Amino acid sequence: MLRESRYPNHFLLIVAKISQPSSRHSSKLSASLDLRAGSHRVQSAGAIMIGNNERTRKILVNEDKLLGARTLGRPIGVKGGPAPVCYLRGTRIRTPDGERRIEGLKIGDPVVTLSGESKPIKWIGRQHFRKNGGSGWPNPVLPVRVSRFALDEHTPHSDLYLSPNHGLLIDGVLIPAIYLVNGSSIVQAMPEGVEEIEYFHIELETHEVIFAEGAATETLLVVNDREAFADLIRENFDNFGERKRLYGNDDAPPMTPYAPRVCYNGRRSELKALLRRAVSPVADIRDPIQLVHDRIAARAAALESPCRLTDASIA
C-alpha cells in the first residue's frame, strides 16, 4: 500500500507480512528492498525502514531516487524536450545481403523484419549530441550497452548500443532498454574512444521489428499524439526537414505498434512496481518488465560465476 508522507518528496510504502517474522523471511524481504528500476538502484538513502512489527513493515521512499521521477511515464526528456529513440552509429542492421552499418543505409534499402519479409526504408532520422565542456553525458542521452549474449546464448551477437527509450522485443512486448539495465551485462556506457553521440532511426511504412546485432528491436513508431510517447515523433530528428521535402506534411494516421510497448506511467506507477517486488519473495507478482529484467540479471550473474550454469538452469 502507498500513502503520501509528511516528508517532502517521499511516499510511505507499507508491506503487509504474510507470515510470522523469521530470519529467513526477514532477510528475503530486506533483500527485496535493494531494488532496480531501469538504471538506478534504490539505495538505503532512498528506501529507509521506519517501522517494523509483526504485521507490517513501513518503508519511507524518496521519490527523487526513483527512475520514474525523471524518465518514466512520459519518455526521457533532454533540455526540456524528448529524448532520442535510436541506434548508435556503427550498429549493424540485418538486410537481405547481410548485416550493414546503419549509417551506410539509405532510403529504399531493404531491411529484414521479424516476419522474414524484407521491407524498404522510407526514411532515416538522425540526431547528433555533443557534451558541454567537461561535463558528463546526461542519462537520457547516454546509450544503453546490451553486451554480447546478454539476452541469451546467441543474442546480441555483438555489443548493441541503443538510446535509453529504444524498445527491444522480449517475451512478446517492447521494453525500453533503460529498464533492463542491471549494472553488469546491460549498462549505460559509451563505446571506447567515442566522444560524440550520433543516433540513427529507421522508418518503414509500418511499425516493425528488425534485427540490430541480431537482437529484435523496433523501427520508428510514428504517433501524432504529443502527450503519448512524444519522443517518437519524427519532428524531433535533426534532419526532419529532409523528410518534409520528400513527403510533405504526410498526414497519415498514427502507426499501430507491432507489439505492446510497456513502461511505467510515472512515479506512482513505479512505486507500485516497487511494492510488487517487495512482496515477490513470498508471492511473485512482478510485472513483465521486472520478470525480463530479473531473468537477464540472473543470466549475467550465472555467466560471471566460477561455476557457470546452463541456459536451462537460469530460464
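Everything numeric in this text was worked out from a predicted model, so none of it was measured. (Residues numbered from 1 in each chain as written. Predicted model: local features only at pLDDT ≥ 70, side-chain atom pairs only at ≥ 80, totals over all residues. Heavy atoms only, no water.)

(A) View of the overall build of the protein. Within the protein one finds five helices and 22 strands. By residue count, 50% of the 315 residues in the protein fall in the buried class. A separation of at least 24 residues holds for 66% of the contacts in the protein among residues at least 6 apart in sequence. Summed over all atoms, the accessible surface of the protein reaches about 15,200 Å², with 50% contributed by carbon and sulfur. (Helix = DSSP H or I, 4+ residues; strand = E, 2+ residues; numbered from the N terminus. Buried < 20%, exposed > 50% of the residue type's maximum accessible area, 1.4 Å probe, protein only. Contact = heavy atoms within 4.5 Å. Areas by Shrake-Rupley, 256 points an atom, 1.4 Å probe, with all protein chains shown as cover.)

(B) The arrangement of the environment of Ser184 in detail. Following the sequence through the fold, Ser184 ends up in the loop between strand 18 (173-176) and strand 19 (186-188). Looking at Ser184, the relative accessible area reads 25%, which means it is partly exposed. For the pair formed by Ser184 and Glu304, sequence separation is 120 residues and the distance between their alpha carbons is 9.2 Å. A polar atom in the side chain of Ser184 sits 2.2 Å from the side chain of Glu304. (Polar contact = N/O pair within 3.5 Å; in protein donor to acceptor, adjacent residues only side chain to side chain.)

(C) Fine view of the pairing of strand 11 (residues 98-101). Pairing of strand 10 (residues 92-95) with strand 11 involves four bridges; the strand directions are antiparallel. Across the sheet, the residue bridging to Thr95 is Gly98, located in strand 11. Hairpin geometry of strand 10 and strand 11 is characterised by an intervening segment of two residues between the two adjacent antiparallel strands. (Pairing = 2+ DSSP bridges.)

(D) Structural context of the nonpolar core. One finds Ile93, Leu168 and Ile186 to be the most contacted residues of the largest nonpolar core, which totals 34 residues. Within the residue set of this core, elements represented by two or more residues are strand 15 (144-146), strand 16 (160-162), strand 17 (167-170), strand 18, strand 20 (197-203), strand 21 (209-212) and helix 4 (288-304). Per-element accounting of this core gives the leading share, three residues, to helix 4. Beyond its immediate stretch of four places on either side in the chain, Leu168 contacts Leu151, Leu160, Leu162, Val173, Leu174, Ile175, Ala177, Leu180, Ala215, Ala216 and Thr217. Judged by nonpolar contacts, the second largest core, of 17 residues, contains Val141, Ile197, Leu220 and Phe237. (Core = buried A, V, L, I, M, F, W, Y, C linked by side-chain atoms within 4.5 Å.)

(E) Highlighting a nonpolar patch on the surface. The grouping of Ile107, Leu246 and Tyr247 at the surface amounts to a nonpolar patch, some 250 Å² of accessible area in total. When you line up the elements, Ile107 lands in the loop between strand 11 and strand 12 (110-112). (Patch = residues over 30% accessible without salt bridge, like charges linked within 9 Å, V, L, I, M, F, W, Y side chains within 5 Å. Salt bridge = Lys/Arg side-chain N within 4 Å of Asp/Glu carboxyl O.)

(F) Representation of the packing of aromatic side chains in the model. Per the counting criterion, the structure on display carries two aromatic pairs. Taking the centre distance of 5.6 Å and the plane angle of 85 degrees together, the rings of Trp123 and Phe237 count as edge-to-face. Taken together, the residues Trp123 in strand 14 (residues 123-129) and Phe237 in the loop between strand 22 (215-218) and helix 2 (240-247) connect sequence positions 114 residues apart. Each member of the pair, Trp123 as well as Phe237, is classed as buried. Here the aromatic rings of Phe129 and Tyr199 are separated by 6.3 Å at their centres, their planes lie at 75 degrees, and the arrangement is edge-to-face. With Phe129 in strand 14 and Tyr199 in strand 20, the pair connects residues that are 70 residues apart, well separated along the chain. Judged by its relative accessible area of 16%, Phe129 is buried. The side chain of Arg94 reaches across the aromatic face of Phe211, ending 4.0 Å from its centre. The positively charged end of Lys122 is found above the aromatic ring belonging to Tyr247, 5.1 Å away from the centroid. (Phe/Tyr/Trp six-rings, centres within 6.5 Å; stacked < 30°, edge-to-face > 60°. Lys NZ or Arg CZ within 6 Å of the ring centre and 35° of its normal.)

(G) Region of interest: the side chain of Lys122. Residue position: Lys122 is located in the loop between strand 13 (118-120) and strand 14. By relative accessible area, which is 11% here, Lys122 ends up buried. Excluding residues within four positions of it along the chain, Lys122 makes contact with Ile107, Glu203, Leu204, Glu205, Arg243, Tyr247 and Asp250.

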